[in-house]
Amino acid sequence: MTHSAHFPEAGPPTANAMRRALRRARDGVALDVAEAAVLLQARGDDLEDLAASAARVRDAGLAAAGRAGVITYSKSVFVPLTRLCRDKCHYCTFVTVPGKLRRAGHGMFMSPDEVLDIARRGAELGCKEALITLGDKPEDRWPEAREWLDAHGYDDTIAYVRAISIRILEETGLLPHLNPGVLSWTDFQRLKPVAPSMGMMLETTAERLWSEPGGPHHGSPDKEPAVRLRVLEDAGRSSVPFTSGLLIGIGETYEERAESLFALRRVARAYHGIQELIIQNFRAKPDTAMRGMPDAELDDLVATVAVARHIMGPSGCIQAPPNLVDGEYGRLIRAGIDDWGGVSPLTIDHVNPERPWPQIDALAERSAAEGFELRERLCVYPEFVRRGEPWLDPRLLPHVRALALESGLADPDAPVRGLPWQEPDEGYVASSGRTDLHRTIDTTGRTADRRDDFDEVYGDWEALREQAAPGMAPSRIDGDVRAALATAADDPTRLTDDEALALLHADGPALDALCRVADDVRRAAVGDDVTYIVTRNINFTNVCYTGCRFCAFAQRRTDADAYTLSLSQVADRAAQAWDVGAVEVCMQGGIHPDLPGTAYFDIAEAVKERVPGMHVHAFSPMEVVNGATRTGLSIREWLQRAKESGLDSIPGTAAEILDDEVRWVLTKGKLPAATWIEVVKTAHEVGLRSSSTMMYGHVDQPRHWLGHLRTLAAIQQETGGFTEFVTLPFIHTNAPVYLAGIARPGPTTRDNRAVTAMARLLLHPHIPNIQTSWVKLGAEGAVEMLRSGANDLGGTLMEETISRMAGSGYGSYRSVRDLVAIAEAAGRPAKPRTTLYGEVPQERVRAAAASDGHLPELLPVLEG
């Protein structure tokens, strides 16, 4: 391999190009990739000019952050949890093989005692960070790693990382900073409660360095740039303070290096979660495939630091490892760094073992010589310490605050000692807030149309607007609607994707014909009965920090409309519902940071203890994942525990659109499509049936509807666990993504009819029940959907706050007579059902008839 950190085909930039780029940098004008690539080649006086302007940007940012003249570092210990890895990077000496570990007398992983010994000694020296570094998924490549994990009771490496992090917190007081390599969205949920920060170097976005034989990352699945960028985005979606950066001089061109920096800026801008960028220079090491490649030059490093500063702006934090620059600290400070990274008085740099850390006193002296005071920070940067939730899990807040000053920097005098790590309050929280919202939402309404953190909590609206642009106006397609209608009428299971798309775009007489075909299929499949269920919605909390941009229900715990019900209040509402004929309670809530993962079990048990005969239909896939990650259980184990606690079925909500292209516009931190599918399939496998849903009419297009419906049909053919499909038209009025000017104002009547009809056809015969939502469409809209293929009206609800908070104007409940009237308006008989579409016991039918299926005056909230 040859070193190619230049433009061999174009040569160095012209003097004019350099002068123009330097002038734009001095003037604070935003750079583009081409200009950044030119500046990366600055040398001599040009480099001094570039560094000076970068330093001014850095100084402005430090002043704005209240840290003028301060350069930071973290006092840490380096814990190489395992040196096994499934990747084969050609420059790495950190990674080894099982045979070498055995010959050296080491285990495949460090034992808990070995880890805690290092952490304890670090705590005695005043260290506050435990940098846990390891190879990617070693059990996927090495049977010895799998055997070690099995022998010690861990399902995978991430389970061990989580367990050892808890022990470090509890037994030493150090804060874990985790570098486990590539993580999935679910991995972030598992690790966020045990580590205030995490990291993974992007290294480069140059795909050829991964894909081409001989490249430094060839043969390393976790070094694919698209995979690593997805990790950075999932960290942002999960509100994890995250460290990333570049490894320069591994064969990338200057333009590729510039593109990598802009990729990092895009992620930082979208999620505000990149806490620092490390600019690390390649150092060739013996016994590696790249041992003959020259080291990245110091000028190269200085120029890259300066360009990174200009690209990331004053609020970015830029770090360069001091042990890799042969004491040239001044040049890095003058180029715009504001942090030296982790420095250990105890452990070596296991990634660069030949490069010892500088002494902290010497680093302070060299920083002072450049006019900077060296101050200690924690592994999580001060801005995130001050932000608190949702960036820091409540279980970590006591650990972080014990070591932090009010500024968010480390308290150098704080004793470093272990504290208990536990679920908040060790149980279900007490009731609080506006617990009468279920009643007053229809009278006094919500306090305001949006939260006062609207501009920060959902990410960067401008970046999101660019991302969402393709879905703003659904494209129309020309297709043979007549032929597609003939196929649908003959055998809807034979519809091709092209035919289905043509029908999803149908309008006018073609749409009328489509709805007639769907209604005929409905009649043949389930008859004329319009089913409904006497049920009560119980939204036990609306406190949530997930950041769904379509949701007007979620509140911070301090917001005027926030509330949480106690267990007795939940049980009281279930008992009230039983008294008026209900056969089901549907219970969902926000992802409240103070609710332990076992709270869901407590809720189910509370209802079953009070009303043993009530069907508990509860907990969306997002809540399931939250419960599983908070308890450390697998999704399957958690669902089994929930079932044992009284859970009977789950709602298939949180699906929105099962396409991550759309999901990541709609929501900042909700589960990806693949995880939703995993939860639902697992629920079906353990004997918990579910509904299925689709929320449409926002930033989506008919092709997304088609993919969503195809996915549901495939799941149903595999598991048979769906009871119904529920259409959920997007309610736009108070939805943040609409208020920000990104989403459409909900679906049109044409969209609603087409979606209902195509759901009937594309899910036939696998999911026989298609439900329309009166709460979102009103009575007249529901009648129209009953003529377009739907056969179910859903429930009486008794209370409903989610759609009402979003701005639905159709009330919070319907009586039995109301639902019967909707069916009659469609010319069809009505019939009560159970959750699983069975016959309703006569005793329940009589109770519902006596009360008309609704609460008298929507009984005022009970104190609990």
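Residues numbered from 1 in each chain as written. Predicted model: local features only at pLDDT ≥ 70, side-chain atom pairs only at ≥ 80, totals over all residues. Heavy atoms only, no water.

### Topic: the overall build of the protein chain
From N to C terminus, the protein chain includes 35 helices and 21 strands. Taken over 864 residues, the protein chain has a buried fraction of 64%. Within the protein chain, residue pairs in contact and separated by at least 24 positions form 78% of the contacts whose partners lie at least 6 positions apart. Carbon together with sulfur atoms contributes 49% to the accessible area of the protein chain, which is approximately 30700 Å² in total. (Helix = DSSP H or I, 4+ residues; strand = E, 2+ residues; numbered from the N terminus. Buried < 20%, exposed > 50% of the residue type's maximum accessible area, 1.4 Å probe, protein only. Contact = heavy atoms within 4.5 Å. Areas by Shrake-Rupley, 256 points an atom, 1.4 Å probe, with all protein chains shown as cover.)

### Some points on the nonpolar core
Grouped together as the largest cluster of nonpolar side chains are 127 residues, with contacts concentrated most on M587 and W676. Counting 123 residues, the second-largest nonpolar core is a separate cluster that includes L134, L174, M198 and A463. (Core = buried A, V, L, I, M, F, W, Y, C linked by side-chain atoms within 4.5 Å.)

### With respect to the pairing of strand β11 (residues 530-533)
Burial of β11 is two-sided: the residues V530 and Y532 facing one way and the residues T531 and I533 facing the other way are all buried. Across three bridges, β11 lies against strand β21 (residues 830-832) in parallel orientation. By the bridge assignment, V530 is partnered in β21 with A830. Here β11 runs beside strand β20 (residues 792-795); their pairing, made up of two bridges, is parallel. (Pairing = 2+ DSSP bridges.)

### Examining the environment of D113
Its place among the elements puts D113 in helix α5 (residues 112-124). Measuring from C-alpha to C-alpha, the distance between D113 and I164 comes to 9.9 Å, with 51 residues separating the pair along the chain.

### Comments concerning the side chain of T693
Inspection of the secondary structure assignment puts T693 in strand β17 (residues 689-696). Judged by relative accessible area, T693 falls into the buried class, the value being 3%. Within the local environment of T693, its side chain forms a polar contact with the backbone oxygen of G652, the two atoms lying 2.7 Å apart. With sequence-adjacent residues up to four places away left out, T693 is seen in contact with G652, T653, A655, E656, H708, L712, F725, V726 and L728. (Polar contact = N/O pair within 3.5 Å; in protein donor to acceptor, adjacent residues only side chain to side chain.)

### Observations regarding helix α35 (residues 842-851)
Listed as buried for α35 are R844, A847, A848 and S851. An end-on view of α35 places all buried positions within 95° of arc, on one side of the element. Those residues of α35 that are exposed and aimed more than 90 degrees away from the buried face are Q842, R846, A849 and A850. Those residues of α35 hidden inside the fold are in contact with α23 (567-579) and α34 (816-825). Looking one or two residues past α35, D852 carries a phi angle of roughly 65°, positive in sign. (Arc of directions from axis to C-beta.)

### Side note on the pairing of strand β15 (residues 615-618)
Here β15 shows no split at all, with H615 and H617 on one side and V616 and A618 on the other all buried. Where strand β14 (residues 584-588) meets β15, four bridges bridge the pair, whose relative direction is parallel. Each bridged residue has a counterpart across the sheet, and for E584 the counterpart in β15 is H615. Assessed by its sense of winding, the connection that carries the chain from β14 through helix α24 (residues 599-610) to β15 is right-handed. (Right-handed = clockwise from strand over helix to strand, strands pointing away.)

### Quick word on the pattern of salt bridges
Inspection of every chain in the model, using the stated rule, returns 51 salt bridges. R67 serves as the salt-bridge partner of E383, at 2.8 Å between the closest nitrogen and oxygen. Taken together, the residues E383 in helix α15 (residues 382-387) and R67 in the loop between α3 (45-64) and β1 (70-82) connect sequence positions 316 residues apart. The exposure classification of E383 matches that of R67, with both residues buried. (Salt bridge = Lys/Arg side-chain N within 4 Å of Asp/Glu carboxyl O.)

### Things to note about unusual backbone geometry
Most peptide bonds are trans, and most residues other than glycine sit at a negative phi. Cis peptide bonds are those with omega within 30 degrees of zero, and the linkage from E389 to P390 qualifies with 0°. Examined against the element boundaries, P390 turns out to sit in the loop between α15 and α16 (397-401). A positive phi angle, close to 60°, is found at H272, a residue other than glycine. By the element assignment, H272 lies in the loop between α11 (254-271) and β6 (274-281). The exposure class assigned to H272 is partly exposed, which follows from its relative accessible area of 30%.

### What about helix α31 (residues 749-762)?
Over its 14 residues, α31 runs 20 Å from end to end, which matches the ideal 20 Å to within 8%, given 1.5 Å per residue. Across the 14 residues that make up α31, a large majority, 13, are buried. (Expected span 1.5 Å × (residues − 1).)

### Some remarks on the packing of helix α22 (residues 508-526) against α31
Look at α22 against α31: their axes get within 9 Å of each other, and the N-to-C directions meet at 40°. The pairing of α22 with α31 is recorded here as oblique in orientation. As α22 packs across α31, the resulting crossing turns out to be left-handed. Of the residues in α31, those touching α22 at L511, D512, L514, C515, V517, A518, V521, R522, A525 and V526 are R750, R753, A754, A757, M758, R760 and L761. Partitioned by chemical class, the residues of the contact of α22 with α31 number 12 nonpolar, no polar and five charged. (Axes fitted to C-alpha atoms, helices over the stretch in contact; angles between N-to-C directions. Parallel < 35°, antiparallel > 145°, perpendicular 65-115°, else oblique. Left-handed = near helix turned anticlockwise from the far one by under 90°. Nonpolar A, V, L, I, M, F, W, Y, C, P; charged D, E, K, R; others polar.)

### Comments concerning the packing of aromatic side chains
Counted under the stated rule, the structure contains 15 aromatic pairs. Judged by centre distance (5.1 Å) and plane angle (35°), the ring pair of F601 and W638 falls under tilted. With F601 in helix α24 and W638 in helix α26 (residues 635-645), this residue pair connects regions lying 37 residues apart in the sequence. The two residues F601 and W638 agree in class, both being buried. Where F619 meets W638, the ring centres are 6.4 Å apart and the plane angle is 75°; that geometry is what we call edge-to-face. With F619 in the loop between β15 and α25 (621-631) and W638 in helix α26, the pair connects residues that are 19 residues apart, well separated along the chain. Sitting over the face of the ring of F384, R387 holds its NZ or CZ atom 4.3 Å from the ring centroid. Here the guanidinium or amino end of R833 rests over the ring plane of Y837, the centre of that ring lying 4.0 Å away. (Phe/Tyr/Trp six-rings, centres within 6.5 Å; stacked < 30°, edge-to-face > 60°. Lys NZ or Arg CZ within 6 Å of the ring centre and 35° of its normal.)

### Overview of the packing of α25 against α26
Put simply, α25 and α26 touch, their axes get as near as 9 Å, and they point 105° apart. Regarding the angle of α25 to α26, the classification is roughly perpendicular. Contacts between α25 and α26 involve V624, V625, G627, A628 and T631 on the former and, on the latter, I635, W638 and L639. For the contact of α25 with α26, the per-class residue count stands at six nonpolar, two polar and no charged.

### So, the environment of A628
Relative to the elements of secondary structure, A628 occurs in helix α25. Judged by its relative accessible area of 3%, A628 is buried. On a C-alpha basis, the gap between A628 and T186 in space is 9.9 Å, while along the polypeptide they are 442 residues apart. If sequence neighbours within four positions are ignored, A628 has contacts with L633, S634, I635 and W638.

### Things to note about the environment of L209
With respect to the helices and strands, the residue L209 is situated in helix α9 (residues 208-211). A C-alpha to C-alpha distance of 8.4 Å links L209 and I250, two positions 41 residues apart in sequence. Setting aside its immediate chain neighbours within four residues, L209 contacts T204, G215, P216, H217, H218, I250, G251 and E252.

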